[in-house]
Amino acid sequence: MPGLPGDGRTPSDVSPIPTSAVHAAAAPLRTRAGDYFQDLQDRITGALEAEDPGARFREDVWTRAGGGGGRTRVIVDAPLLEKGGVGFSAVHGELPDELAAQVPGQGRDFFATGVSLVLHPRSPRVPTVHANFRYVEKGDRAWFGGGSDLTPCYLVEDDAVHFHRTWKAVCDRHDPAYYPRFKKWCDDYFHLAHRGETRGVGGLFFDYLDGDLEARFAFVRDCGAAFLDAYLPIVRRRRDEPWGDAERRWQLTRRGRYVEFNLLYDRGTVFGLKTGGRVESILMSLPLQARWGYDEQPPPGSPEAALVDVLRQPREWVR
């Protein structure tokens, strides 16, 4: 959950909650945020089940030893989704000293609530997608964070444009400066430095949105409401396209890159593991299958090479 240094903000830059807000608004906001994220989980899982007839999410309700808990919903081996997870959590307690020093706010007491999802479709023609929206309090500080990014195995420019255009429209309703800032933040954050490539074609990433928390909450709610509009039209356009063994092999290679990012770089994974979170819920983002060959390079001019070119040189999809 810590922010991205590349955005030019450090934990010490996050504004304190006004003294009056600590007593008058913090507790009600955490409740309203948690209620919203639970409802968003319901809406997203309901829509995905409607897209994948006969498939149902398994739900696990869990408690965290240090305080709080959540509910994790996972689909495995369904016709549309080979593996998909949509999780809600609201946790509180004390951060370990090492992590507390990296997160803004005084002391070690924290509260965090949010919804996080990763969907790995069965078809190599349908992109993987991730989204996360959260609210965090620590000591005298509070903020919202989140975002969504698209990870195709095969580049379809119209899909990337649609995805980015949806998020730009949301941003523009709140602040025209949001989209260019959060798009770049996404490209910088979801970057596999050891590979020299981004995880996918990007989207939005933001953290430490503080100040007017009611305005920030309105923006996050708008983002949550837009997720299905950003993703489902792509699913419907690509799900029936043919594919074979070669496409499947490439898909599993790209999923290997997904695993590398989540285990090496993802701050949400680190935060969950270091705060004693439920391991199965934290690692639900990993694909059902992945592969690692040796020095495999896509042939020049191939559809696979076209994707890698974009991952090495991120584009501006909309302006």
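Above this text is the structure in question.
Residues numbered from 1 in each chain as written. Predicted model: local features only at pLDDT ≥ 70, side-chain atom pairs only at ≥ 80, totals over all residues. Heavy atoms only, no water.

K.L.:
Teacher, can you tell me more about the state of the cysteines here?
P.N.:
Two cysteines form a disulfide when their sulfur atoms are joined by a covalent bond. On inspection of all chains with the given rule, the structure shows zero disulfides. Of all cysteine sulfurs, the one in Cys-186 lies closest to Cys-153, which takes part in no disulfide; the gap is 17 Å. Cys-171 takes part in no disulfide bond, and the closest cysteine sulfur, belonging to Cys-223, lies 5.9 Å away. (Disulfide = S-S within 2.5 Å.)

K.L.:
For this particular structure, what's the right way to read the pairing of strand β5 (residues 128-138)?
P.N.:
For a regular strand, the rule is simple: side chains alternate between the two faces of the sheet. Burial within β5 is extensive, with eleven of its eleven residues counted as buried. Where strand β4 (residues 109-121) lies against β5, ten bridges are found, and the strand directions are antiparallel. Within β5, the residue paired with Leu-119 across the bridge is Val-129. Counted along the chain from β4 to the antiparallel partner β5, the turn is six residues long. As judged from the eleven bridges shared by β5 and strand β6 (residues 141-151), these two strands associate in the antiparallel manner. Bridge pairing in β6 places Lys-138 opposite Arg-141. Between β5 and the antiparallel strand that follows it, β6, lie two residues; Gly-139 among them carries a positive phi value of about 60°. (Buried < 20%, exposed > 50% of the residue type's maximum accessible area, 1.4 Å probe, protein only. Helix = DSSP H or I, 4+ residues; strand = E, 2+ residues; numbered from the N terminus. Pairing = 2+ DSSP bridges.)

K.L.:
Sorry if this is basic, but what is going on with the sheet that holds β5 here?
P.N.:
Strand pairing in a sheet relies on backbone hydrogen bonds. The paired strands run either parallel or antiparallel. Spatially, β1-β2-β3-β4-β5-β6-β9 is the arrangement adopted by the seven strands of the open sheet, whose pairing is antiparallel. Strand pairing shows two members of the sheet lacking a second neighbour, β1 (58-63) and β9 (202-209), which therefore form its edges. Averaged over all pairs of adjacent strands, the angle between strand axes in this sheet comes to 5°, irrespective of strand direction. Pairing geometry for β6 and β9, over six bridges, is antiparallel. Following the sheet pairing, Phe-144 is matched in β9 by Leu-209. Sitting on the sheet, helix α6 (residues 213-238) is in contact with β4, β5, β6 and β9, with an inclination near 15° to β6. (Axes fitted to C-alpha atoms, helices over the stretch in contact; angles between N-to-C directions. Contact = heavy atoms within 4.5 Å.)

K.L.:
Sorry, what's going on with the packing of aromatic side chains here?
P.N.:
For any two aromatic rings, the description comes down to two numbers: the centre-to-centre distance and the angle of the planes. Applying the stated criterion across every chain yields a total of 20 aromatic pairs. Each ring, one from Phe-163 and one from Trp-167, has its centre 6.0 Å from the other, and the planes form 80°; the classification is edge-to-face. Of this pair, Phe-163 and Trp-167 both sit in helix α4 (residues 157-174), four residues apart, roughly one helical turn. One exposure class covers both Phe-163 and Trp-167, and it is buried. Ring centres of Phe-190 and Phe-205 lie 5.8 Å apart, and the angle between their planes is 90°; this geometry places the pair in the edge-to-face category. Residue Phe-190 is located in the loop between α5 (178-189) and β7 (191-192), and its partner Phe-205 is located in strand β9; the two are separated by 15 residues in the primary sequence. Residue Phe-190 shares its accessibility class with Phe-205, and that shared class is buried. Among the aromatic residues, those joined into a cluster by ring pairs are Tyr-178, Phe-182, Trp-185, Tyr-189, Phe-190, Phe-205, Phe-206, Phe-219, Phe-261 and Tyr-265. It is Arg-199 that lies over the ring of Tyr-258; its NZ or CZ is 4.1 Å from the centre. Between the NZ or CZ atom of Arg-221 and the centre of the ring of Phe-217, over which it lies, the distance is 4.4 Å. (Phe/Tyr/Trp six-rings, centres within 6.5 Å; stacked < 30°, edge-to-face > 60°. Lys NZ or Arg CZ within 6 Å of the ring centre and 35° of its normal.)

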